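# Chain and residue survey
Spelled out, the chains give:
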Amino acid sequence: MPRKNETKEINSMKNAANNGAKSFAEISKETEIKYNRIMYILEKHPVVKERLLQAFEENKKVSVPKVKRKISKKVIEPVLPEAEKYIIIDASICGAKGALQAIHREISESNAKIILTDITVEELTKLEDGDDNTAYVARRILSNSAKHTDTYYFIKITKTSIIDDKSIVDFASTVKNAVLFTADKGMNAIAKLEKVEVNFFIKSNKPFYGIIYKDEKPVLKAGLDNNNFIIIRHKDSLLYEGEHCLYNGDEIFSLRKTDDEKGVKLLCFKVKIHPNNSFETHLVDRSFIRGNYVNYKYKNVYSIFKQFSNN
């Protein structure tokens with residue numbers, strides 16, 4: 001039997017789903033129940049969780065008539081709050097390194113105001129439903145914008161082009177002391193042509209894919225994944241079965257047989273966890289193992305791989 005508070009929270013979740021919520025993130029926004037709290041309650045009530053998931057699917061099927069936005073050659077400059085600096089966010093930074101840290105730094109050091117255009121909000125909402133780091137960053141930006149209304153501002157801009165990036169750049173060009181945050185190369189080029197100041201974020205070079213979030217913490221399943229065998233080194237332990245929470249400094253090893261099956265390709269990724277639980281992974285080494293020669297650094301890792309690949 002759920003406790004009184006839990007019953008009230010579960011009813012709030014159901015009401016949010018009945019009102020059209022399409023994800024747990026949307027329920028969190030509408031009910032003001034923290035995302036972690038929602039997942040904690042639903043782990044204890046799997047039937048409720050299943051019904052909410054079914055409701056999400058039904059809500060996604062409901063067709064919303066699309067209104068075609070008119071393209072205007074005249075840019076209408078919205079009324080902005082007074083500030084010495086404005087940061088205009090493009091959703092592409094969700095897939096880049098250090099985006100949340102850069103936003104926080106601008107707020108704390110420059111007292112900057114963060115501007116989210118209606119186009120960016122729409123893109124962030126599409127990204128937030130995933131389980132990867134990009135979705136996590138999108139959720140954090142939307143969550144912070146709801147909490148810190150004196151710092152984050154939503155601005156509806158004029159659609160000046162069929163290309164959304166161009167419309168955002170056109171808007172940025174009308175804002176004094178504005179810096180555009182983007183990780184999109186095309187948008188970066190357009191902004192430079194329009195003489196808009198840009199902070200261009202570089203996406204991770206060959207990140208490790210497969211990490212998901214559980215209770216807002218990065219988690220990876222070790223063991224066989226398709227043709228790859230995943231091993232996690234945490235401190236002095238090698239983890240090769242089951243799901244594990246990742247910590248700063250952990251290493252991820254991905255091993256697979258070469259196409260001719262005469263050798264093994266090994267990739268080593270380093271994990272960096274930020275204080276807000278967003279993460280980065282960087283490819284730090286690669287090795288090809290043929291015959292009996294194995295780099296001493298990977299001897300134990302390769303031994304586990306051989307044991308499970310029946311070699």
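Sequence order as written defines residue numbering, which begins from 1 separately in each chain. Predicted model: local features are reported for residues with pLDDT of at least 70 only, side-chain atom pairs are reported and counted for 80 or more only, and whole-chain, interface and lining totals are derived from all residues. Excluding hydrogens and water, the side-chain figures rest on all heavy atoms present in the structure.

## Examining the overall build of the chain
Note the following rule: We count a stretch as a helix when DSSP gives it H or I for four or more residues in a row; a strand needs E for two or more, and each element gets its number in order from the N terminus. Any pair of residues with heavy atoms lying within 4.5 Å of one another is described as a contacting pair. The accessible surface values rely on the Shrake-Rupley method and a 1.4 Å probe; as for residues, cover is taken only from the protein chains in view.
Within the chain, the secondary structure is distributed over 10 helices and 13 strands. Considering only contacts in the chain between residues 6 or more positions apart, those separated by 24 or more positions represent 60%. Approximately 18400 Å² of the chain is accessible, and the part contributed by carbon and sulfur atoms is 48%.

## Remarks on the pairing of strand β5 (residues 197-200)
Using the following cut-off: Two strands pair under a simple rule: DSSP has to find at least two bridges between them. With the strands pointing away from the viewer, any crossover whose connection runs clockwise from the first strand over the helix to the second is right-handed.
Both strand β4 (residues 178-182) and β5 contribute to a ladder of 4 bridges, which runs parallel. Following the sheet pairing, Thr-182 is matched in β5 by Phe-200. Between β4 and its parallel partner β5, the chain crosses via helix α9 (residues 185-193), and the hand of that crossover is right-handed.

## Considerations on helix α4 (residues 46-61)
Inclusion rule: A helix's residues, less one, multiplied by 1.5 Å, set its expected span. Throughout this description, buried means an accessible area under 20% of the type-specific maximum (1.4 Å probe, protein chains only), exposed means over 50%, and partly exposed covers the range between. Throughout, the arc means the angular range of directions from the helix axis out to the C-beta atoms.
With 16 residues, α4 extends 23 Å between its outermost C-alpha atoms, agreeing within 8% with the 22 Å of an ideal straight helix rising 1.5 Å per residue. Three or more residues of α4 are buried, namely Val-48, Leu-52, Ala-55, Phe-56 and Asn-59. Mapping the buried residues of α4 onto a view down its axis gives an arc of 105 degrees, with all of them on the same face. The outward face of α4, more than 90 degrees from its buried face, is lined by the exposed residues Pro-46, Val-47 and Lys-61.

## Concerning the confidence of the model for the chain
To keep it simple, the criterion reads: pLDDT runs from 0 to 100 and stands for how confident the predictor is about each residue.
For the chain, per-residue confidence averages 83 on the pLDDT scale, and 89% of positions sit at 70 or higher. Ignoring residues within four places in sequence, the model shows residues 63-67, a span with pLDDT below 50, making 0 contacts including any to other chains.

## Details of the pattern of salt bridges
Pairing is possible between side chains of opposite charge, provided their charged atoms come close. How we decide: One speaks of a salt bridge when a side-chain nitrogen belonging to Lys or Arg is within 4 Å of a carboxyl oxygen belonging to Asp or Glu.
Under the counting rule described, the total for this entry stands at 13 salt bridges. For the salt bridge of Asp-164 with Lys-159, the shortest nitrogen-to-oxygen distance reads 2.0 Å. The partly exposed category is assigned to Asp-164, whose relative accessible area is 23%. Its salt-bridge partner being Glu-194, residue Lys-166 comes within 3.9 Å of it at the nearest N-O pair. Of this pair, Lys-166 sits in helix α8 (residues 164-172) while Glu-194 sits in the loop between α9 and β5, and the two are 28 residues apart along the sequence. Assessed through its relative accessible area of 34%, Glu-194 is described here as partly exposed.

## Things to note about the nonpolar core
Soluble, globular proteins show a tendency: their nonpolar side chains are buried together. Short version of the rule: Nonpolar core, defined: a set of buried Ala, Val, Leu, Ile, Met, Phe, Trp, Tyr and Cys residues in which side-chain atoms within 4.5 Å join the residues together.
If you look at the biggest cluster of nonpolar residues, it comprises 23 residues, and the most contacted ones within it are Ile-89, Ile-93, Ile-103, Leu-124, Ile-141 and Phe-181. The set of elements that each furnish at least two residues to this core consists of β1 (86-89), α5 (99-110), β2 (113-117), α7 (133-147) and β4. When sequence neighbours within four positions are dropped, the list of residues in contact with Ile-103 reads Ile-89, Ile-93, Ile-114, Ile-141, Tyr-152 and Phe-181. By size, the runner-up hydrophobic cluster in this structure holds 17 residues, among which are Tyr-86, Phe-171, Ala-172 and Leu-180.

## Section: unusual backbone geometry
Notably, Glu-32 is not glycine yet its phi reads approximately 65 degrees, a positive angle. Here Glu-32 lies in the loop between α2 (24-31) and α3 (35-44). With relative accessibility at 72%, the residue Glu-32 sits in the exposed group. Here Lys-195, not a glycine, exhibits a phi torsion of approximately 60 degrees, which is positive. One can find Lys-195 in the loop between α9 and β5.

## Side note on the sheet that holds β4
Put simply, the rule is: An axis is simply a line fitted to the C-alpha atoms; with a helix, the fit covers only the stretch in contact. Between two such axes, the angle follows the N-to-C directions and lies from 0 to 180 degrees.
Taken together, the 5 strands give an open sheet; going across it, the order is β3-β2-β1-β4-β5, and neighbouring strands pair in parallel fashion. The strands lining the two open edges of the sheet, one partner per strand, are β3 (152-155) and β5. Between one strand axis and the next, the sheet turns through 30 degrees on average, direction left out of account. Pairing geometry for β1 and β4, over 4 bridges, is parallel. Note on β4: the bridge partner recorded for Ile-89 is Phe-181.

## Looking at the packing of aromatic side chains
Going by this rule: Two aromatic rings, drawn from Phe, Tyr or Trp (for Trp, its six-membered ring), form a pair once their centres lie within 6.5 Å of each other, and the interplanar angle then sorts them: stacked below 30 degrees, edge-to-face above 60, tilted otherwise.
The tally for this structure, following the rule as stated, stands at 7 aromatic pairs. Note on Tyr-136 and Tyr-213: the rings are 4.2 Å apart at their centroids and 10 degrees apart in plane angle, and the pair reads as stacked. Here the residue Tyr-136 occupies a position in helix α7, and Tyr-213 occupies one in strand β6 (residues 212-214), the gap between them amounting to 77 residues. Each of the two residues, Tyr-136 as well as Tyr-213, counts as buried. Here the aromatic cluster, defined as three or more aromatic residues joined through ring pairs, consists of Tyr-136, Tyr-213 and Phe-279.

## What to know about the side chain of Glu-6
Note the cut-off: For this analysis, a polar contact is any N or O atom pair within 3.5 Å, provided that within protein one partner can donate a hydrogen and the other can accept it, and provided that sequence-adjacent residues contribute only side-chain to side-chain pairs.
Residue position: Glu-6 is located in helix α1 (residues 4-18). Given the relative accessible area of 2%, Glu-6 is considered buried. Engagement of the side chain of Glu-6 in a polar contact is seen with the side chain of His-45, the distance being 3.2 Å. Here Glu-6 is in contact with Arg-37, Tyr-40, Ile-41, Lys-44 and His-45, once residues within four sequence places are set aside.

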